[in-house]
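Structural features, examined
One letter stands for each residue in the lines below.
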Amino acid sequence: MVAVRENLIEIQAGIAQAAEKAGRNKEDINIIAVTKYVTIERAKETISAGIVNLGENRNEGFLAKFEEIQDSATWHFIGSLQSRKVKDIIHHVDYIHSLDRKSLAKEINKRSQKTVPCFVQVNVSGEESKHGLAEEDVESFVKELAVFENIRVVGLMTMAPHVDNPEDTRPLFKKLRLLRDYIQKLDLDYAPCEYLSMGMSNDYKVAIEEGATHIRVGTKLVGKEI
Ligand SMILES: *Cc1c(COP(=O)(O)O)cnc(C)c1O
């Protein structure tokens, strides 16, 4: 497999190019290396390459890697999360990208002893197979979170459908950005909603052009081996 360091150079060039095109500062874009397809060794290599943010989408994979890497990484939970499994990971995660229902918020709030920065997941494509709230339900959902003192809504997250031409995802990313702007303007103290978690291996450049602050890159950065 190509060294993470080498892949990273390419991704960084892509980030710089997209940021410049959009008139943005490339330092405002955080790379989350999605290590769900790779071994613990490869995840360690990722840290050595200078990446601090790691993303996992399942409890098992997350815990296996956390055990070895601990606080040498900032941990992002990016997959759908079952309420009954919250307690297993909650003390180790730094960000949750998949907050999509009140019962989950309630469980996170109950199990955590401190504020948990969360992204609200939105299904902007409307595909049935995708997790996340419908666009029109996001405002009322965020308002409902006011009762949970340990939940902080730091941003919105979406997963675009896989398409051959990444350009086709642009309207979806734009939709999420406009929704982020709208939620931000509500000016809720527990929901600063500054960030946009969007863009993966195939479409991260378009996502950055549309305002992504956190891109979640697996295949193109760390590869796919397990
Ligand atoms: C797997 C995954 C990614 C990374 O996908 P790649 O196409 O390999 O970059 C990003 N976000 C989520 C939520 C994922 O599950």
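Residues numbered from 1 in each chain as written. Predicted model: local features only at pLDDT ≥ 70, side-chain atom pairs only at ≥ 80, totals over all residues. Heavy atoms only, no water.

As annotated in an unreviewed UniProt entry, the protein chain is Pyridoxal phosphate homeostasis protein from Oceanobacillus jeddahense. In the Function (unreviewed entry) part of its UniProt record, the protein chain is described as follows: "Pyridoxal 5'-phosphate (PLP)-binding protein, which is involved in PLP homeostasis." Recorded under Sequence similarities (unreviewed entry), the UniProt text for the protein chain is reproduced unchanged: "Belongs to the pyridoxal phosphate-binding protein YggS/PROSC family." (UniProt positions renumbered as here; feature names shortened; annotations may be inferred.)

**Brief notes about helix α7 (residues 170–185)**
The end-to-end C-alpha separation of α7 is 23 Å, in line with the 22 Å expected for 16 residues at 1.5 Å each. The complete set of buried residues in α7 reads L172, F173, L176, L179, R180 and I183. Buried residues along α7 cover an arc of 120° about the axis, so they all sit on one side. Those residues of α7 that are exposed and angled more than 90 degrees off the buried face are P171 and K185. In this fold, the buried residues of α7 make contact with α6 (138–144), β6 (151–157), β7 (195–197) and α8 (204–209). D187 lies just past α7 and shows a positive phi near 60°. (Helix = DSSP H or I, 4+ residues; strand = E, 2+ residues; numbered from the N terminus. Expected span 1.5 Å × (residues − 1). Buried < 20%, exposed > 50% of the residue type's maximum accessible area, 1.4 Å probe, protein only. Arc of directions from axis to C-beta. Contact = heavy atoms within 4.5 Å.)

**A short note on the UniProt feature "domain: Alanine racemase N-terminal" (unreviewed entry) in the protein chain**
Mapped onto the present numbering, the UniProt feature "domain: Alanine racemase N-terminal" (unreviewed entry) falls at residues 15–223. In residues 15–223, helix accounts for 36% and strand for 18%; the two terminal C-alpha atoms are 18 Å from one another.

**Brief notes about the packing of helix α2 (residues 40–48) against helix α3 (residues 59–69)**
The contact between α2 and α3 brings their axes to 10 Å, and the two run at 55°. The pairing of α2 with α3 is recorded here as oblique in orientation. Judged by the twist between their axes, the crossing of α2 over α3 is right-handed. Residues I40, A43, K44 and I47 of α2 form the contact with α3, whose own contacting residues are A64, K65, E68 and I69. (Axes fitted to C-alpha atoms, helices over the stretch in contact; angles between N-to-C directions. Parallel < 35°, antiparallel > 145°, perpendicular 65-115°, else oblique. Left-handed = near helix turned anticlockwise from the far one by under 90°.)

**A few points about the packing of aromatic side chains**
All chains considered together, the criterion is met by 6 aromatic pairs. The interplanar angle of 50° and the centroid separation of 6.4 Å between the aromatic rings of Y95 and F119 together place this pair among those described as tilted. Here Y95, found in strand β4 (residues 95–99), pairs with F119, found in strand β5 (residues 116–121); they are 24 residues apart in sequence, far enough to count as distant. Judged by relative accessible area, which is 0%, F119 ranks as buried. Above the plane of the ring of Y37 lies K224, whose end atom (NZ or CZ) is 4.6 Å from the centre. (Phe/Tyr/Trp six-rings, centres within 6.5 Å; stacked < 30°, edge-to-face > 60°. Lys NZ or Arg CZ within 6 Å of the ring centre and 35° of its normal.)

**Structural notes on the pairing of β6**
Judged by how many residues are buried, β6 sits mostly within the fold: 6 of 7 residues are covered. Where β5 lies against β6, 6 bridges are found, and the strand directions are parallel. Residue pairing in the sheet places C118 in a bridge with V153 of β6. Handedness of the β5-α6-β6 crossover: right-handed. Pairing of β6 with β7, which is carried by 3 bridges, proceeds in the parallel orientation. Following the sheet pairing, L156 is matched in β7 by L196. Tracing the backbone out of β6, into α7 and back to the parallel element β7 gives a crossover that is right-handed. (Pairing = 2+ DSSP bridges. Right-handed = clockwise from strand over helix to strand, strands pointing away.)

**A word on the site of the ligand**
With respect to spatial proximity, the complete set of residues near the ligand consists of V34, K36, Y37, I78, M157, M159, M200, S201, R216, V217, G218 and T219. Y37 is positioned such that a nitrogen or oxygen atom in its side chain is 3.3 Å from an oxygen atom of the ligand. Note that an oxygen atom of the ligand is positioned 2.5 Å from one of the side-chain N or O atoms of T219. The protein chains hide 92% of the 390 Å² of surface that the ligand would expose on its own. Looking at the shell around the ligand residue by residue, the class counts come to 7 nonpolar, 3 polar and 2 charged. (Near = heavy atom within 4 Å. Polar contact = N/O pair within 3.5 Å; in protein donor to acceptor, adjacent residues only side chain to side chain. Areas by Shrake-Rupley, 256 points an atom, 1.4 Å probe, with all protein chains shown as cover. Nonpolar A, V, L, I, M, F, W, Y, C, P; charged D, E, K, R; others polar.)

**Comments concerning the packing of helix α1 (residues 4–22) against α2**
Between α1 and α2, the shortest axis-to-axis distance is 9 Å and the interhelical angle comes to 55°. The orientation of α1 with respect to α2, classified from their angle, is oblique. Where α1 crosses over α2, the handedness of that crossing is right-handed. On the side of α1, the interface is formed by V4, R5 and N7, while α2 contributes R42, E45, T46 and S48.

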